[in-house]
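Architecture and fold: a report
This is what each chain is made of:
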Amino acid sequence: MELRAFDQEYMSSGHVACPGCGAAIAMRFFLKALGDKVIIVLPACCWSIIAGPYPQSTVKVPVIHSAFETGGAVASGVRAALDMKGDTETTVVTWAGDGGTFDIGFQALSGAVERNEDFIYVCYDNEAYMNTGIQRSSSTPYGAWTTTTPGDEWKKLRKKNIVEALVAHRIPYAATANIAFPEDLVRKVKKARSIKGSKFLHIFASCPTGWRIPSELSIKIARIAVQTNIFPLYEVEDGLKYTINYKPKEFPVSEYFKPQGRFQHLTDEDMKHIQEMVDEDWALLLRKAGEHP
Amino acid sequence: MKRVVEGSQAVAEAVRLAKVNVISAYPITPQTHIVEFLSEYCANGTLNARFLRVESEHSALAALIGTASTGIRSFTATSGQGLALMHELLHWASGARLPIVMAEVNRALAPGWNIWIDQTDSLAQRDTGWIQMYCEHGQEVLDSIIQAYRLGELVNLPVMVVLDAFYLSHTYEPVDIPDQEPVDRFLPPYEPKFQLDTEDPCDLGSLVTPNAYMEMRHNIAVAMEEALFLFQDVENEFKAIFDRRYGAIEPVACDDAEIILVTSGTVTSTCRQVVDDLRSQGERVGLLKVKLFRPFPVDLIRQNLTSAKKIAVIDRNFSFGASGIFAQEIRAALCNTHKHPPVFGYIAGLGGRDVTEDVLEEIYWNTKNNEVPEKESIWMGLQEV
Amino acid sequence: MADQEEIKSKVPLLIPRSCESTLSNMTGSWRFLKPRYEEKTAPCSSACPAGEDIGRIEMLTTQGLFKEAWETILRENPFPAVCGRVCFHPCEDRCNRGDFDEAIAIHTLERFLADAASRNEFKPSIEKLTLKKQKVAVVGAGPSGLAAAYFLTLLGYTCDVFEAMPEAGGVLRWGIPLYRLPVSVLRNEIAYIESMGVRIHTGKRISRSFLDEAHNQYSAVFMGCGHSRTRGLNIPGENMDGLEDGIAFLGKIRQGENLSFDGPIAVIGGGNTAVDVARSVLRLGGKSILVYRRRRQDMPAFDQEIKMALEEGVEIRELLAPVKIEKNGTEYTLTVQPMRVAGTDTDGRAAIEPRDEQNEEIIVQRIFKAIGEEAAEDWYNPPGEREKILTLDNSIIMPRSEGAVLVFGGDLTNQIKSVVHAVASGKEAAIALDILFQEGSDAVESRLKDYAVGNGPSLSMEIYMAGPRSERENHIVEYDEINTDYFELAPRVTQPRLLIEERRKTFEEIDLKISANVAIKEAERCFNCGLCNQCDNCYLFCPDISIQKDNSPQGRHINYDYCKGCGICVVECPRNAMAFEEEST
């Protein structure tokens, strides 16, 4: 691993994330990539709790907790204030879950990106409202069980493509990243920091508790998500130029579903249907990147 | 320098003089002139501030929470629906102890789209921990906004300066717009007591368990109480430089009044005339203008109202299932006094309906001619529909 | 107006502003499963008869620590330069990487390290125990004798090795052809063994009576005389001039005799000696015809050697049994009977019976027999099964009430007659003797089990001497215990060789050397099964930052105050160097 140089920690042990929490791993890598000249805006999500109860703070950088839907807006304010102070060094980051990004926080995100506010918006995606008890979000993938899509009512709607939604804003930089690919993640974080304007990082962060997997598989399942094309690694610059970062060995999607309790109810028929959708999306992505399937 | 300006422009001038650094607002009638003036000042450099053209009022206040937490003097303006949308964050701003100042243009709440004066919007937010000042005229608006920064930054509480839709926001009046130098003497640069700082990192607004939350809330209550005293000090400082003072309440001919009319906002101006007229007819009537609604000046209310025989409160608002809100607060203030007069509650002028001298006189005679109020709230001028 | 301080005290600011660290939460109390570092055994090291710590050797090589890697070999095998050339590398057959793409070229890397040590004149630092009082005599300076003397010396014993020939090395010096093992390489290796304190006396042939008189000076005698006499064909014409002993022929070449041939030469046999003879013959100008009574796949010679023989032009005639030899003018007629497969023998090879066909006559210039060797003297052989004889995996120990303990090893006792098995003999004998001297012969068999690599039979001297290797678990890591997500397909190095045309003309070494960066690249393919190579995956992926780097040999430790027992570290360890078990209450 080339990350040996990043031995500086900006996070402490003793936080209350679930064992195997992908979001904790994501934040650890993220801070290692950015250093401490960062202000984090933290709307309601699992990290609101992981950040530590008063008077403790898990991370060693300034954090401002904000209301659920305000990630993009509070960050705009912090950035404006720093600009008025003449601070050109500090990076403003919004660190939000999928709820605060895809759903209730979408307006503020869209508004901030449309104004091309100079900040990095990170969505660590565990694919449901995990903090409140595993309820579905528009980021919950097709086929998943959640507490609000139980039994036969498992989610039969596609996961919202947040990166595409932001690409439509011609956002200067949007990229997907994954906790099982730390070097790629770090590279993208550093690249985001070097660009002025709005940047969006969609980090795949597994949730053993909500996905019903043993905690030790947290990284492995994240890797399989990329290898099955369920969560491709790619970047889009200026809303136009697509670059695919990783061409996987192409495992069937069943490899991704089998270890997860939240997908246990899927039949072979269901998986076949999902495989078709995944293949279609991958072909579309290849075309956008100027490559042929 | 005295100029004839719109109430909205008085707001903008005050913001300019207060050297606000970030403005974040979303347009809504009839606040739009305020944001338009401020946009222009920012664009032409008259005001060295960043104007955030946010995409909703909720985001407007959210952005300011970010700004103020980073130690910068901030401003927003809104009205009616916009204020209602901000509700969650009004609580947040005071809980976070941020001295944000807002110009709030009182406007009726929908449905039934109604863009005219009604105080229910701002009064419905009376629990949110914001200092609330109700203004009568353009000069008071300008002065109050400047004083709001001084007061808010002393106690670390947000301040809402309230002005009537159209009657104040769009009315042109002569306003003395001070020079920058005396304002600078009155209002020093903002020195935040805490802020987000990478050199001294901290986490603001985290999870607080039952064993610490109550103390924080008590702290806000203490700040509000101090605000009442500090308001007076701030007014003293202001008077010393600008020779103007308003008071948390302003009694007019109350010393020997048998009936005291209580008003707020532009209705007060009309009422001054009505009190003059009635006095000239020999009626022993007085007027109490309430400026500072939060913190509610309980002692001053008691001092000024207990000697009268009857109190008539004119509310341009209503709390459904209860009564007019000023009347509620006054009744509550008087409740624990040894002997206090009955409080007659009148509801008038909702949704921009004009409160004329006739309406006010009718209120006076109704009060005089009844020993006790016929009903808790009497709605004036309802038509048959 | 009240001043700032007064205002501060009247309007205190108690807000949710947090800056204490979370370190006071000992989240380790959440744990019900506990990870820990646990090194295990790589299959290659268990497959190696000498029990070399191959996973570690490759790890040190990737780090450029060639001297340390070489020393790691020397702890278990004094002949890396030799084995790196002549060993049949059973390690590579068990290599887990073979299930992923291709096995690691362990053989090539061993040679590289030995060559690097020689080129850079490394002086090894190997642990040696303090001097003991017992002395041991070793008969025969072949691979088993030298290995026995070497290991006994490491254990603190004084050894005298007696060798009849003018130079030490046994089959390494007098048998194996130069194109497989150059003499300078061997001399270098033997010099190293002598530098450890082993005393070699060449030109000293030992007589039988020595065994009975040895106890005056020696507590034990190790018999490493090897199998130097070819078995008889038992066919008419066997004693003719034209029929020569294959082993003796190889010896002649090694002794410097100038030989040449011209025309067809028959070599009877299927083992390594037969193949060596055939390949030597063609280098001396002859056309080699290898005659074997079973099939090619039944030949005991190493596959690699057979393949190269064929490449060089040796002709292999299968299923032909020799019947008689007759002189035919200046040539010889070798009559052979065609055979056919009739079932399987007990050892798994084809059972044969004569085919119903006419015998064939092969006219050749000369005939060499290489049908298997045996001890040159009867008394070299270990005794048959008797009370008080310890028959171990690679040696036989005969304690005697009067007289020195007799130990037999090498080709005298081993089923597979290879150099590395000879080394295994030497090591087993050394450890067995050490136990015997300290605790008596009854303790030997049970104690030896403790020093096995994996589930045996290979032994480790480092484990016996309680080195760090003794901390490892005996569990042999399987392929499905490797997290292959961290490896990319990569081709195995191809060791360069002389062109076939070049090989035929000379006895020059066929396998050529590789450079350091090629060696490192190949070593990097090694999974290091069961060994921690400090890749830092565990440290990196811990959500609770409870793996902390330090200066310990492991390079890190788990901070159990905070470890929640999620187990990510265990799964993401590419090489199964961790264990995950229930928390003991």
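Here the structure is a predicted model, which means the values were calculated and not measured.

What follows is about the overall build of chain B. A count of helices and strands for chain B gives 13 helices and 16 strands. The C-alpha atoms of chain B give 21 Å as radius of gyration, which agrees with the globular expectation for 385 residues (21 Å, within 12%). Its C-alpha atoms give chain B principal-axis dimensions of about 70 × 50 × 50 Å. Taking all 385 residues of chain B together, 55% fall into the buried category. The long-range fraction of contacts in chain B, counting pairs at least 24 apart against all pairs at least 6 apart in sequence, stands at 80%.

So, on to the overall build of chain A. Scanning chain A from N- to C-terminus turns up 11 helices and 8 strands. Dimensions of chain A along its principal axes, counting C-alpha atoms only, are 60 × 45 × 40 Å. By the burial criterion, 60% of the 293 residues in chain A qualify as buried. Residue pairs in contact within chain A that sit at least 24 positions apart in sequence constitute 68% of those at least 6 positions apart.

Residue and element names in this part refer to chain A. Of all the 7 residues making up strand S4 (residues 119-125), 7 are buried; the element is thus mostly covered by neighbouring parts of the structure. In this structure, strand S3 (residues 91-96) lies alongside S4, joined through 4 bridges in parallel fashion. Across the sheet, the residue bridging to Ala96 is Cys123, located in S4. With 7 bridges connecting them, S4 and strand S6 (residues 198-204) associate as parallel partners. Note on S6: the bridge partner recorded for Tyr124 is Ile203.

Another point: the interface of chain B and chain A. Taken together, the 36 residues of chain B in the interface contact 37 residues of chain A. Taken together, the elements giving at least two residues each to the side of chain B that touches chain A come down to strand S2 (22-24), strand S3 (50-52), helix H3 (57-69), helix H5 (87-95) and strand S9 (203-204) of chain B. No other element matches the 8 residues that H3 of chain B contributes to the side of chain B that touches chain A. Broken down by class, the residue content of the side of chain B that touches chain A amounts to 17 nonpolar, 13 polar and 6 charged. Two elements, strand S2 (residues 63-66) of chain A and S9 of chain B, share 2 bridges in a ladder whose sense is parallel. If you follow Ile64 of chain A over to S9 of chain B, its bridge partner there is Leu204 of chain B.

A word on the packing of helix H8 (residues 143-154) of chain C against helix H15 (residues 419-439) of chain C. Residues and elements named next belong to chain C. As a packed pair, H8 and H15 sit with axes 7 Å apart at the nearest point and diverge in direction by 35°. The handedness of the crossing between H8 and H15 comes out as right-handed. On the side of H8, the interface is formed by Pro143, Ser144, Ala147, Ala148, Tyr150, Phe151 and Leu152, while H15 contributes Val419, Ala422, Val423, Ser425, Gly426, Lys427, Ala429, Ala430 and Leu433. Split by residue class, the contact of H8 with H15 holds 12 nonpolar, 3 polar and 1 charged.

Right, let's talk about H3 of chain B for a bit. When the terminal C-alpha atoms of H3 of chain B are compared, their 18 Å separation across 13 residues agrees well with the 18 Å that a helix rising 1.5 Å per residue should span. Note on H3 of chain B: the residue one or two positions beyond its end, Gly71 of chain B, has a positive phi of about 90°.

With that settled, consider the domain arrangement of chain B. All names here are of chain B. Domain boundaries in chain B define domain 1 (2-242) and domain 2 (249-379). Placing a centre on the C-alpha atoms of domain 1 and another on those of domain 2 gives a separation of 27 Å. For the side of domain 1 that touches domain 2, the secondary structure elements donating two or more residues are helix H6 (120-123), strand S6 (131-134) and helix H9 (210-242). The element contributing the most residues to the side of domain 1 that touches domain 2 is H9, with 5 residues. Looking at side-chain class alone, the side of domain 1 that touches domain 2 contains 15 nonpolar, 6 polar and 5 charged residues.

A few words now on the sheet that holds strand S5 (residues 199-202) of chain C. All names here are of chain C. A sheet is described by the order of its strands in space; here 7 strands give the open sequence S5-S4-S3-S6-S20-S19-S18, paired in mixed fashion. Each end of this open sheet is capped by a strand with a single partner; those strands are S5 and strand S18 (390-391). As defined by bridge partners, strand S4 (residues 158-163) adjoins S5 across 4 bridges and the pair is classed as parallel. Counted as the bridge partner of Glu163 is Thr202 from S5.

Here we come to the nonpolar core. Soluble globular proteins: nonpolar side chains tend toward being buried together. Grouped together as the largest cluster of nonpolar side chains are 366 residues, with contacts concentrated most on Ile145 and Val161 of chain B. For this core, the element with the most residues is H15 of chain C, which contributes 12 residues. Once residues lying within four places of it in the same chain are set aside, the contact partners of Val161 of chain B are Val101, Ala103, Glu104, Met133, Cys135, Val141, Ser144, Ile145 and Ala148 of chain B. In terms of nonpolar packing, the next biggest core, distinct from the first, is built from 39 residues, Ile289, Met308, Leu320 and Tyr332 of chain C among them.

Contact with chain C, which involves 12 residues of that partner, is made by 22 residues of chain B. Among the elements of the structure, helix H1 (4-10) and strand S1 (17-18) of chain C are those that each provide at least two residues to the side of chain C that touches chain B. For the side of chain C that touches chain B, the per-class residue count stands at 9 nonpolar, 1 polar and 2 charged. Here S9 of chain B runs beside S1 of chain C; their pairing, made up of 2 bridges, is antiparallel. In the strand pairing of S1 of chain C, Leu204 of chain B is matched with Arg17 of chain C.

What follows deals with the sheet that holds S9 of chain B. The 10 strands lie next to each other as S8(A)-S7(A)-S5(A)-S6(A)-S4(A)-S3(A)-S1(A)-S2(A)-S9(B)-S1(C), forming an open sheet whose pairing is mixed. Across the chains shown, the open sheet's two edge strands, defined by having one partner strand only, are strand S8 (241-244) of chain A together with S1 of chain C. Here helix H1 (residues 22-34) of chain A sits on the sheet in contact with strand S1 (38-43), S3, S4 and S6 of chain A, set at roughly 155° to S4 of chain A.

Residues and elements named next belong to chain B. Packing of helix H1 (residues 7-17) against helix H7 (residues 138-155) brings their axes to within 8 Å, and their N-to-C directions diverge by 25°. In this view, H1 runs roughly parallel relative to H7, as classed from their interaxial angle. As H1 packs across H7, the resulting crossing turns out to be right-handed. Contacts between H1 and H7 involve Gly7, Ala10, Val11, Glu13, Ala14, Val15 and Leu17 on the former and, on the latter, Gly138, Val141, Leu142, Ile145 and Ile146. For the contact of H1 with H7, the per-class residue count stands at 9 nonpolar, 2 polar and 1 charged.

Right, let's talk about the environment of Glu68 of chain C for a bit. Residues and elements named next belong to chain C. Tracing the backbone through its elements, the reader meets Glu68 in helix H4 (residues 66-74). For Glu68, a count of 18 C-beta atoms within 10 Å translates into the label partly exposed. When the C-alpha atoms of Glu68 and Gly251 are compared, they prove to be 36 Å apart, with 183 residues separating the residues in sequence.

The next subject is the environment of Val20 of chain B. All names here are of chain B. Its location among the elements puts Val20 in the loop between H1 and S2. On the basis of neighbour counts, which here come to 27 C-beta atoms within 10 Å, the residue Val20 falls in the buried class. Through-space distance from the C-alpha of Val20 to that of Ile311 is 41 Å; in sequence the pair is 291 residues apart. Filtering out sequence-adjacent residues up to four positions away, Val20 remains in contact with Val15, Ala49, Arg73, Ser74 and Phe75.

With that settled, consider the environment of Ile54 of chain C. Residue and element names in this part refer to chain C. On the secondary structure map, Ile54 appears in helix H3 (residues 54-62). Note on Ile54: 30 C-beta atoms within 10 Å, which makes it buried. Each C-alpha atom of the pair Ile54 and Arg17 lies 56 Å from the other, and the pair is 37 residues apart in sequence. Beyond its immediate stretch of four places on either side in the chain, Ile54 contacts Ala42, Cys44, Ser45, Cys48, Cys91 and Ile106.

Glycine aside, the phi torsion of most residues is negative, and most peptide linkages are trans. Residues Ala110 of chain B and Pro111 of chain B are joined by a peptide bond in cis, for which omega reads 10°. Following the sequence through the fold, Pro111 of chain B ends up in the loop between strand S5 (101-106) and H6. Of note, the amide linkage connecting Gly456 of chain C to Pro457 of chain C takes the cis form, showing an omega dihedral of 0°. The residue Pro457 of chain C is located in the loop between helix H16 (444-448) and helix H17 (461-464) in this model. In this structure, Asp243 of chain B takes a positive phi of about 60° despite not being glycine. Note that Asp243 of chain B resides in the loop between H9 and strand S10 (249-252). Even without being glycine, Gln534 of chain C reaches a positive phi, approximately 55°. Within the secondary structure, Gln534 of chain C is located in the loop between helix H19 (516-524) and helix H20 (537-541). On the basis of neighbour count, Gln534 of chain C is assigned to the partly exposed category, with 17 C-beta atoms found within 10 Å.

Reading guide: rules and limits
Residues numbered from 1 in each chain as written. Chains lettered and ligands numbered in written order. Predicted model: local features only at pLDDT ≥ 70, side-chain atom pairs only at ≥ 80, totals over all residues. Helix = DSSP H or I, 4+ residues; strand = E, 2+ residues; numbered from the N terminus. Rg over C-alpha atoms; globule rule 2.2 N^0.38 Å. Buried ≥ 20, exposed ≤ 12 C-beta atoms within 10 Å, placed from the backbone. Contact = placed C-beta atoms within 7 Å. Pairing = 2+ DSSP bridges. Nonpolar A, V, L, I, M, F, W, Y, C, P; charged D, E, K, R; others polar. Axes fitted to C-alpha atoms, helices over the stretch in contact; angles between N-to-C directions. Left-handed = near helix turned anticlockwise from the far one by under 90°. Expected span 1.5 Å × (residues − 1). Domains from an automatic or database assignment. Core = buried A, V, L, I, M, F, W, Y, C linked by C-beta atoms within 7 Å. Parallel < 35°, antiparallel > 145°, perpendicular 65-115°, else oblique.

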